[in-house]
Amino acid sequence: MSSEGPLFPASSIDRQFAHEIVRRLVDRGYVAYYAGGCVRDALLGLTPKDFDVATNATPDQVREIFGSEHTRAVGEAFGVVLVHGRIAKKRCQVEVATFRTDGSYSDGRRPDWVQYATAQEDAQRRDFTINGLFYDPIAQRVIDYVGGQEDLANHVLRAIGDPYARISEDKLRMLRAIRFASRYSFALDPATGQAIEESSEGIQLVSGERIGMELEKILEHPNRLWAWHQLDACGLLKHIAPELLPVKDRELFGALPKEQLPLALVLASMIHPWGQSGVLDRDLRPIEDPHWRTTLEAIQHRWKLSNELFESACTCVDASSVIAKSEDLAWSQVQPKLLRGWVDESILLAECLLAIRQWPIEGIETCKQRLSVPIQVWNPPPWINGSDLIQAGLRPGPVFGKLLAQARSMQLDGHLVSQQMAIDWLKAEIGKTLPGQ
Ligand code: ATP
Ligand code: MG
C-alpha cells in the first residue's frame, strides 16, 4: 500500500509552501497529503506543475487554520480552498481539498452532491490509477490505494474501478484518458479502452467549450498524432470534431515536428488548403481545398474558440502559403503577410508544406534571411505617404491608393532605392495621371 523514500528532494519554493501547509494541518491533528498530479509527476521524474493537498480537515477548518486573508473558497461545493502566501517574496498558492466521495451523477459530468470521507475513499473517486496517489511529505512515503505505482511503472493508463461506471459518471474522463495516455506515452488499459469505445457517443453530453479545452491540451502536445488516431479509433472523433475527420490522412498535420506547439498553428496545419499532398489536378498541381475557412469557422463555433485564435490560425495559413511559394513571388507580395505576427510558426508550417510536397526550399531560406534582421529593416517606413500625394496636387480617390501601393511595392522590391527617387517617380506618374484623374 505504501512505499518509502523522499520523492520531492528538490526544495522548490512551491514545494516548500505545500510542505508548510501539510505540516500546519498535521500539527493541528489532521491528516494531510500531496495528492493527484504532483505525486504522479514526481514518480515519473518530472517536475510537478503545481501541488494539490488533500486533507480530512473540512473547508471551514482549513480557513480557520490559515486565516481568511490567506484563503479563498474556490470550489465550495466540492470542499476546495485555495491557500495563498509568500515565500521569499514569491507568491505561492496551493489547493487544499477535503477528502470526499462523490454522490450520484445525473448530468454525465458533475456529482449532484459530495460527502466528506477518508483518504482511501477519496482515492477511489479519482479518475485514473496514476492520478489516485497520495504522498505524505512528513513521513516521506507514497500512499497508494489504487495500484497507481504499478501502472506508472508499466506505463498503463487505467480507470479506477469499473471503467464503464466511471465513464458514465463523467463523460469527460474519456478525453482525459486519451490526454494522459498521450502525454506520457502510456498504453490504454484494454478494459478502459473498450469502455471508451462503447461509451463514446456519450461525449456529446459534455459542453463544446470543455471539449475544446481538453483538445487544446491534446493538440498542443508533441504526441498529438498518436492521440488523434486514438480519438478516431475509439469513436470519439466523429462526435467531437466531425469537420476534422479527414485530418488523419492529411500529411501536413502529420509532418509537424514532435514538439509543444500552439493550438492556432496546429489547427492551421489541419485545415490548410494544401495540407494533403496526394491530391493533384490534371496538370499535376495541388488541388486547393477552398473550404478551409468554413471548416475553421465550424470548429471555432463547436469548441467556442476565441476570435483571436481563429484569426491567428488564418494568419498561419495565409503566411505559410506565401512563404512556401515565395520563390515565385516578389518580396512585396510576401512581406505584408508577415506583418500580422506568427512569423516563426508560419515559417515552420511552410517548411512542413515543402517537406510533404517536395518543393524547393530556396524561397524559405531567402525569407528567413530577410527576417533575421530587425523589423525596421524589413518593414521600413514608406517613402511616400498620403500627404506627399496631396502636396503633389492629387485628390484622394482610387488612383491615390493605387499609387501608394505601387510606390510601396517598388520600395520593398528595391526599384525605388531612395526617397528622392520615389518623389521623382511620383511626379512622373502624376504627370501621366493628372489629366484624367
Ligand atoms: P495536470 O498536470 O494536467 O493538471 P492533474 O492530475 O493535476 O494533471 P487536474 O485536472 O488538475 O489533473 O486534476 C487534479 C486531480 O483531480 C487529478 O489528478 C485527479 O485525481 C482528480 N480529477 C480531476 N478531474 C477529474 C475527473 N473528471 N474525474 C475524477 N477525478 C478527477
Ligand atoms: Mg492539475
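Rules used in this analysis
Residues numbered from 1 in each chain as written. Chains lettered and ligands numbered in written order. Predicted model: local features only at pLDDT ≥ 70, side-chain atom pairs only at ≥ 80, totals over all residues. Heavy atoms only, no water. Helix = DSSP H or I, 4+ residues; strand = E, 2+ residues; numbered from the N terminus. Rg over C-alpha atoms; globule rule 2.2 N^0.38 Å. Buried < 20%, exposed > 50% of the residue type's maximum accessible area, 1.4 Å probe, protein only. Contact = heavy atoms within 4.5 Å. Areas by Shrake-Rupley, 256 points an atom, 1.4 Å probe, with all protein chains shown as cover. Lys, Arg positive; Asp, Glu negative; His and termini not counted. Charge placed at Lys NZ, Arg CZ, Asp CG, Glu CD. Core = buried A, V, L, I, M, F, W, Y, C linked by side-chain atoms within 4.5 Å. Salt bridge = Lys/Arg side-chain N within 4 Å of Asp/Glu carboxyl O. Domains from an automatic or database assignment. Near = heavy atom within 4 Å. Polar contact = N/O pair within 3.5 Å; in protein donor to acceptor, adjacent residues only side chain to side chain. Pairing = 2+ DSSP bridges. Expected span 1.5 Å × (residues − 1).

Observations regarding the overall build of the protein
Reasoning step 1: The secondary structure content of the protein amounts to 22 helices and 12 strands.
Reasoning step 2: Against the compact-globule benchmark of 22 Å for 437 residues, the protein has a radius of gyration of 29 Å, which places it well outside the compact range.
Reasoning step 3: A principal-axis box enclosing the C-alpha atoms of the protein has dimensions of 95 × 55 × 40 Å.
Reasoning step 4: In the protein, which comprises 437 residues, the share counted as buried stands at 49%.
Reasoning step 5: Relative to all contacts within the protein whose residues are 6 or more apart in sequence, the contacts with residues 24 or more apart total 66%.
Reasoning step 6: With the model as given, the accessible surface of the protein reaches about 21100 Å², and the carbon-plus-sulfur share is 51%.
Reasoning step 7: In the protein, 48 positive and 57 negative side-chain charges are present, and the distance between their average locations comes to 4 Å.

Digging into the nonpolar core
Reasoning step 1: With 107 residues, the main nonpolar core has Leu 25, Tyr 34, Trp 228 and Trp 303 as its most contacted residues.
Reasoning step 2: With 10 residues, helix H15 (residues 307-324) is the single largest residue contributor to this core.
Reasoning step 3: What Trp 303 contacts, discounting residues up to four positions off in sequence, is Gly 208, Glu 209, Ile 211, Gly 212, Leu 215, Leu 219, Ile 240, Ala 241, Leu 244 and Leu 267.
Reasoning step 4: With 12 residues, the next largest nonpolar core counts Leu 394, Phe 400, Leu 426 and Ile 430 among its residues.

Thoughts on the pattern of salt bridges
Between side chains of opposite charge, a pair can form when the charged atoms approach closely.
Reasoning step 1: A complete count under the given rule lists 21 salt bridges for this structure.
Reasoning step 2: Among the salt bridges present, the one from Asp 189 reaches Arg 158, with a minimum N-O distance of 3.3 Å. Taken as a pair, Asp 189 in the loop between strand E12 (187-188) and helix H8 (190-199) and Arg 158 in the loop between strand E11 (156-157) and helix H6 (163-169) lie far apart in primary sequence, 31 residues in all.
Reasoning step 3: Residue class for Asp 189 comes out buried when judged on its relative accessible area of 9%.
Reasoning step 4: Owing to a relative accessible area of 30%, Arg 158 belongs among the partly exposed residues under this scheme.
Reasoning step 5: A salt bridge links Arg 340 to Asp 318; the nearest nitrogen and oxygen atoms lie 3.5 Å apart. Residue Arg 340 is located in the loop between helix H16 (331-334) and helix H17 (343-357), and its partner Asp 318 is located in helix H15; the two are separated by 22 residues in the primary sequence.
Reasoning step 6: Residue Arg 340 is classed as partly exposed on the basis of its relative accessible area of 43%.
Reasoning step 7: When salt bridges that share partners are traced, they join Arg 109, Arg 166, Glu 169, Asp 170 and Arg 173 into one network.

A word on the domain arrangement of the protein
Reasoning step 1: Domain annotation of the protein identifies domain 1 (1-154), domain 2 (160-240), domain 3 (246-378) and domain 4 (386-436).
Reasoning step 2: Relative to domain 4, the C-alpha centre of domain 1 lies at a distance of 68 Å.

Some details on the site of ligand 1
Reasoning step 1: Taken together, 14 residues sit near ligand 1, with Arg 40, Asn 131, Asp 170, Arg 173 and Arg 183 positioned nearest.
Reasoning step 2: Between ligand 1 and Asn 131 there is a distance of 2.8 Å, counted from an oxygen atom to a backbone nitrogen or oxygen.
Reasoning step 3: Within the side chain of Asp 170, one N or O atom sits 2.8 Å away from a nitrogen atom of ligand 1.
Reasoning step 4: For ligand 1, whose unbound accessible area comes to 590 Å², protein coverage reaches 79%.
Reasoning step 5: For the shell around ligand 1, the secondary structure elements donating two or more residues are helix H2 (37-43) and helix H7 (172-184).

Topic: the side chain of Asp 102
Reasoning step 1: Mapped onto the fold, Asp 102 is located in strand E7 (residues 100-102).
Reasoning step 2: A polar side-chain atom of Asp 102 sits 3.0 Å from a polar atom in the side chain of Arg 100.
Reasoning step 3: A polar contact of 2.8 Å, which involves the side chain of Asp 102, links it to the side chain of Tyr 105.

Side note on the pairing of strand E4 (residues 71-75)
Reasoning step 1: The pairing of E4 with strand E5 (residues 80-87) spans 4 bridges and is classified as antiparallel. The partner of Gly 75 across the bridge, within E5, is Val 80.
Reasoning step 2: Between the antiparallel neighbours E4 and E5 lie 4 residues, among them Gly 79 with a positive phi of about 75°.

Considerations on unusual backbone geometry
Reasoning step 1: Backbone geometry at Ala 88 places phi at a positive 45°, although glycine is not the residue there.
Reasoning step 2: Along the polypeptide, Ala 88 turns up in the loop between E5 and strand E6 (90-98).
Reasoning step 3: The phi dihedral of Ser 185 is positive, around 55°, even though this residue is not glycine.
Reasoning step 4: With respect to the element layout, Ser 185 can be found in the loop between H7 and E12.

Quick notes on helix H1 (residues 13-27)
Reasoning step 1: For H1, with 15 residues, the first-to-last C-alpha span of 21 Å sits near the 21 Å given by 1.5 Å per residue.
Reasoning step 2: Packing partners of the buried residues in H1 comprise strand E2 (32-35), strand E3 (52-55), helix H3 (59-66), E5 and E6.

Some details on the environment of Gln 120
Reasoning step 1: Locating Gln 120 in the fold gives a position in helix H4 (residues 119-125).
Reasoning step 2: In the structure, Gln 120 is positioned 68 residues away from Asp 52 in sequence and 16 Å away in space, judged by C-alpha atoms.

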